[in-house]
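# Results of the structural survey
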Amino acid sequence: MLFSSLEFLFAYLPVTLLVYFLSPVKFRNLWLLLVSLFFYGWGEPKYVFLMIFTILFDYVCGYFVGKYREDKPGRAKVILIVSVIVNLGLLGFFKYYDFFAQNLSRLPFIDIPTLNLTLPIGISFYTFQIMSYVIDVYRGDAHVQKNPIVVGAYVTLFPQLIAGPIVRYQDVDDQLRKRHESTAMFAIGMRTFVAGLAKKVIFANAAGALWSEALADPNRTVVGSWIGMLFYCFQIYFDFSGYSDMAIGLGKMFGFRFLENFCYPYISQSITEFWRRWHISLGTWFREYVYIPLGGNRGGKWKMYRNLFAVWFLTGFWHGANWNFILWGLYYFVLLVVEKTFLLEKMKSWPAAFRHIYTLFFVYFGWMIFYFENMNEGAAYLGTMFGVGAAGLISMADLYAILHRLVFVAILVVASIPQPRRLFYKLYENHRAARYAAAVGGICVVVLATAYLVDSSFNPFLYFRF
Amino acid sequence: MDQKKKKPSLQDETDAWVVMQIKIADKTKGSDRLGIGLFLAMIAIFGALILILPDKTFSEQENRVLQTAPKLQSNFEGSFAERVKAGKFLDRYFSGDFAEDVSDYYADQFPARDVFVGIKGAFEIAMLKGENNDVVLGKNQYLLTRMDKAATENIEKNFDAASAFAAYMETEGVPVTFAAAGRVIDVMRGSLPALFPVDTLDKPWDALTALCETDGSSMEMLNLLVPLRAHADRGEDVMYRTDHHWTTYGAYLAYTEIMKAWDVEPAAKDAFTVETVSNAFYGTAWRNAGMKWIAPDTMEYYRYPGDEDYTTTIHDNNTSFAGFYDRSFLEVTDQYSSFISGNHAYVTVERNGDEPRERLMLIKDSFGHSLVPFLAYHYDLEIVDMRYYKKSVAELVRETGCSRVLILNNMDSLTSAASLGMLRMGIE
């Protein structure tokens, strides 16, 4: 089920909230588990069984890892390794089997049939999440959870189940046992949720429609190509950060505090900074569970490069079973290594605007690599950006489009930078009237988002397939 | 868990908004409650209304069947055990069909759906996008449906079929005229906002002109766009503001052009009495646009003495009525269909009595409907719509003894499908 759907907003959410707050505290995790499984199975119930298997398997692994970690660390380690292998094995099988089968079949004498399995929704997210449970228990960063319902609720928690943020077990360990729902917390979560809904339904979908239009245009010009790609940059940011906001907001409504996932990535002044601001929970996961265990930056320059390579190869590959995602990961590996070795130092003397342009330039082309799974299509698009196969530099249609999208783009820019929001926070903090205005404004946004959902059929979620 | 780990500073920055809200939570009780109350009321009330309100089964505005209450399992005759055995227990839930139906159900049955559609349309215009759902807001409240993506390959297919048909008809001594009418966005070019990319609109017309110039048949070509646009530029209401058709006045102008091409004297405008039959015609563009503040159109009939002494016969369902108008359509949304009762495969319009009249075969799209009363002034009409008529037209011309053929389509019909291809039936 999608958050940005009428059936979620007007059926699933009210029922879930109503029963949750009417039930005694001890049943609340069970209710969350049940509705989350229903949420997960919506439209494709068969993988619910895979999910239940994963939960029980990791519950048992976590239990024994916790039992043995003090007295028999060797045994605990074996169980941990088994758990990691099984989890990654399932992810690998469902997500990467066809990729390997296709690529290996290119070698002589090898012919592996593909399976064309549908990817279990959110498998990339929940696999990482449940692995963090067993690992955190092994490391002593979290207690063993004796109640399988709680482990199940942690993994399936519907707000972040499908597209993150990836919540580490240690961050919600306490909240799963005892959390404090309150009016204030509910209101905070609701505001975040509504903001995310607007980002997704009003901004991302409209930007996405403009990107599709540019892609499909047989008379695409040079300027039209650049603008089209720009809309994709906006789409992917508002789509994904909107989803994260909705997830974080829903979490707060139920008393969970998930960490933020985005922090104005497009204001970054270096690629290094961009990756501290973009999809923070994924970066944190790779740092905590891959980079640091491999030795991080201890052990010399070359080891650090090796570790960075591993992290960025995996980051790319995690985004999809395709070469372009690997290329995209390695593209950032190269940029980050260049920045680490000398560029960051050197950039300190650059004007801020220049640093910003440099960053956005590479992020922009990064999204191009990211988008085009078919390299020929990507090359053709890149071609029109530089005049090859383009229908001229600029057309009347471009001028018309630019003129009529100026306000929309201005809104997108305002929503991507922190200054307007900081001003709003200041007003909110100091003026009662602003807070009441925000309450009324919030419901107006919900009405508007509903209007877009009722009217529109264009509502894809980009991060759904990961 | 111990809290010894310090969070990275960036997290503090993103969290600042939350931290501040928690800090001032004591002061925000009132506004928090208001916000929560409004939000919960909205999702609960609309959520309940969808379930409580009776389902609509058909949307007249969109002309389609609406999704009604979804079913969890398909119909099955037999006991529960037999159902389970046959794999029909909750089968629609497990296949995902139920989820899809629920999604359609919520979109189709949403309470006050039109109001929400209007809110979206108003917001899009407020953002100065100038259009919504591919409908451009033009000058003087004109709603112009965008047609930039019209491909030219269908024109060629349609034209070639018509040309082959004309060549065949020539051997039977029946002249064929091919008339192309402009889309609203073509005729009302003067109403388009500044910088609108009209070059894409010209493409199909250029393609048609090129085809006409190289055509080898004796088919007569008639461009109805140019004369109608000239009248529109003078501020005359040639096209509806809210619909994709020409007005009755526009149809009259087209009629005079056609008659002139055939060297027949058209009836003067004052031969007709203009009857205003509707002041509340909301056309197709209006329904897509979501711009609810746009005023409705006026619909007129050009009446003349004796125009009720005709019989319109719908062969599709073997019904007939007197005159050209089915006024029951004036009570519903689709008022344009009151002309010869809308889209049918094959219709005959004849004057009552025995006096023999020349018979015209009209091969048309819906633009032809409001033209019928004018053509019937001179001819008895055999009317076919190639989108629905799947038999040989050449045969029909012979059978009914038509002495002339008029192929009339607007550019949207010519570009969006190759339906004239069926004219080839029975000529090869």
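Parameters and conventions
- Residues numbered from 1 in each chain as written.
- Chains lettered and ligands numbered in written order.
- Predicted model: local features only at pLDDT ≥ 70, side-chain atom pairs only at ≥ 80, totals over all residues.
- pLDDT = per-residue confidence, 0-100.
- Contact = placed C-beta atoms within 7 Å.
- Domains from an automatic or database assignment.
- Nonpolar A, V, L, I, M, F, W, Y, C, P; charged D, E, K, R; others polar.
- Helix = DSSP H or I, 4+ residues; strand = E, 2+ residues; numbered from the N terminus.
- Buried ≥ 20, exposed ≤ 12 C-beta atoms within 10 Å, placed from the backbone.
- Pairing = 2+ DSSP bridges.
- Axes fitted to C-alpha atoms, helices over the stretch in contact; angles between N-to-C directions.
- Parallel < 35°, antiparallel > 145°, perpendicular 65-115°, else oblique.
- Left-handed = near helix turned anticlockwise from the far one by under 90°.
- Core = buried A, V, L, I, M, F, W, Y, C linked by C-beta atoms within 7 Å.

Attention shifts here to the confidence of the model for chain B. Residue and element names in this part refer to chain B. Looking at chain B, pLDDT values average 89 and 96% of them are 70 or higher. pLDDT under 50 marks residues 1–8. Its contacts with residues more than four places away, or in other chains, come to 5 contacts. For this predicted complex, the interface score ipTM comes out at 0.88, while the overall pTM is 0.87.

Interface size is commonly expressed as the accessible area that is lost once the parts come together. All names here are of chain A. When its domains are assigned, chain A resolves into domain 1 (6–179), domain 2 (181–262 + 386–466) and domain 3 (271–358 + 373–378). One C-alpha centre belongs to domain 2, the other to domain 3; they are set 26 Å apart. In this complex, domain 2 contributes 5 residues to the contact, which on the side of domain 3 involves 7 residues. Taken together, the residues of the side of domain 2 that touches domain 3 break down into 3 nonpolar, 1 polar and 1 charged.

This part takes up unusual backbone geometry. Residues other than glycine seldom take positive phi values, yet Tyr264(A) does so here, at roughly 45°. Secondary-structure assignment places Tyr264(A) in the loop between α10 (222–253) and α11 (271–277). The phi angle at Asn133(B) is positive, at roughly 50°, despite the residue not being glycine. In this structure, Asn133(B) sits in the loop between β3 (131–132) and β4 (135–137). When the 18 C-beta atoms within 10 Å are taken as the criterion, Asn133(B) is described as partly exposed.

Taken together, the contacts link 53 residues of chain A with 53 residues of chain B. Those elements giving two or more residues to the side of chain A that touches chain B turn out to be α1 (6–22), α8 (169–177), α9 (183–216), α11, α17 (396–416), α18 (418–430) and α19 (432–455) of chain A. With 14 residues, α19(A) is the largest single contributor of residues to the side of chain A that touches chain B. In terms of residue class, the side of chain A that touches chain B is built from 34 nonpolar, 8 polar and 11 charged.

Let's shift gears to the sheet that holds β3(B). Residues and elements named next belong to chain B. Spatial ordering of the open sheet is given by β3-β4-β5, a layout of 3 strands whose pairing is antiparallel. Because the sheet does not close on itself, it has two edges, and the strands there are β3 and β5 (143–145). Bridge count for β3 against β4 is 2 bridges, and the pairing is antiparallel. Paired with Glu 131 across the bridge in β4 is Val 136.

Before going further, it helps to examine the packing of α9(A) against helix α2 (residues 29–52) of chain B. Remark: α9(A) packs on α2(B), axes separated minimally by 9 Å, with the N-to-C direction vectors making an angle of 60°. Between α9(A) and α2(B), the interaxial angle falls into the category oblique. Judged by the sense of rotation from one axis to the other, the crossing of α9(A) with α2(B) is left-handed. Where α9(A) abuts α2(B), its residues Thr183(A), Ala184(A), Phe186(A), Ala187(A) and Met190(A) lie against Asp32(B), Arg33(B), Gly35(B), Ile36(B) and Phe39(B). Residues that form the contact of α9(A) with α2(B) fall into these classes: 6 nonpolar, 2 polar and 2 charged.

Looking now at the pairing of strand β6 (residues 176–181) of chain B. Residues and elements named next belong to chain B. The element β6 is extensively covered by neighbouring structure, given that 5 of its 6 residues are classed as buried. Bridge analysis of β6 against strand β15 (residues 404–410) gives 6 bridges, and the strand direction is parallel. Within the sheet, the bridge partner assigned to Ala 179 lies in β15 and is Leu 408.

What follows is about the nonpolar core. Counting 121 residues, the largest nonpolar core has Val65(A), Val134(A), Tyr154(A), Phe203(A) and Ala207(A) as the members making the most contacts within it. A total of 19 residues in this core trace back to one element, the largest contributor, which is α9(A). In this structure, Val65(A) is in contact with Ala76(A), Ile79(A), Leu80(A), Val134(A), Val137(A) and Tyr138(A), ignoring residues within four places of it in sequence. Within the second largest apolar cluster, 86 residues are counted, among which are Phe178(B), Ala179(B), Tyr302(B) and Val397(B).

All names here are of chain B. Judged by pairing direction, the sheet is mixed, and its 8 strands sit side by side in the order β7-β6-β15-β13-β14-β12-β10-β11 without closing on themselves. Two strands in the sheet have a free side with no partner beyond their single neighbour: β7 (220–223) and β11 (319–322). Taking the axes of each pair of neighbouring strands and ignoring which way they run, one obtains an average angle of 20° across the sheet. Strand direction decides the pairing type here: strand β10 (residues 310–314) and β11, joined by 4 bridges, are antiparallel. Opposite Thr 311, over in β11, you have Ala 322 as the bridge partner.

The subject of this paragraph is the confidence of the model for chain A. In this model, chain A carries an average pLDDT of 88, and 98% of its residues clear a pLDDT of 70 or more. When mean pLDDT is taken per element in chain A, α1(A) scores highest with 94 and α8(A) scores lowest with 82.

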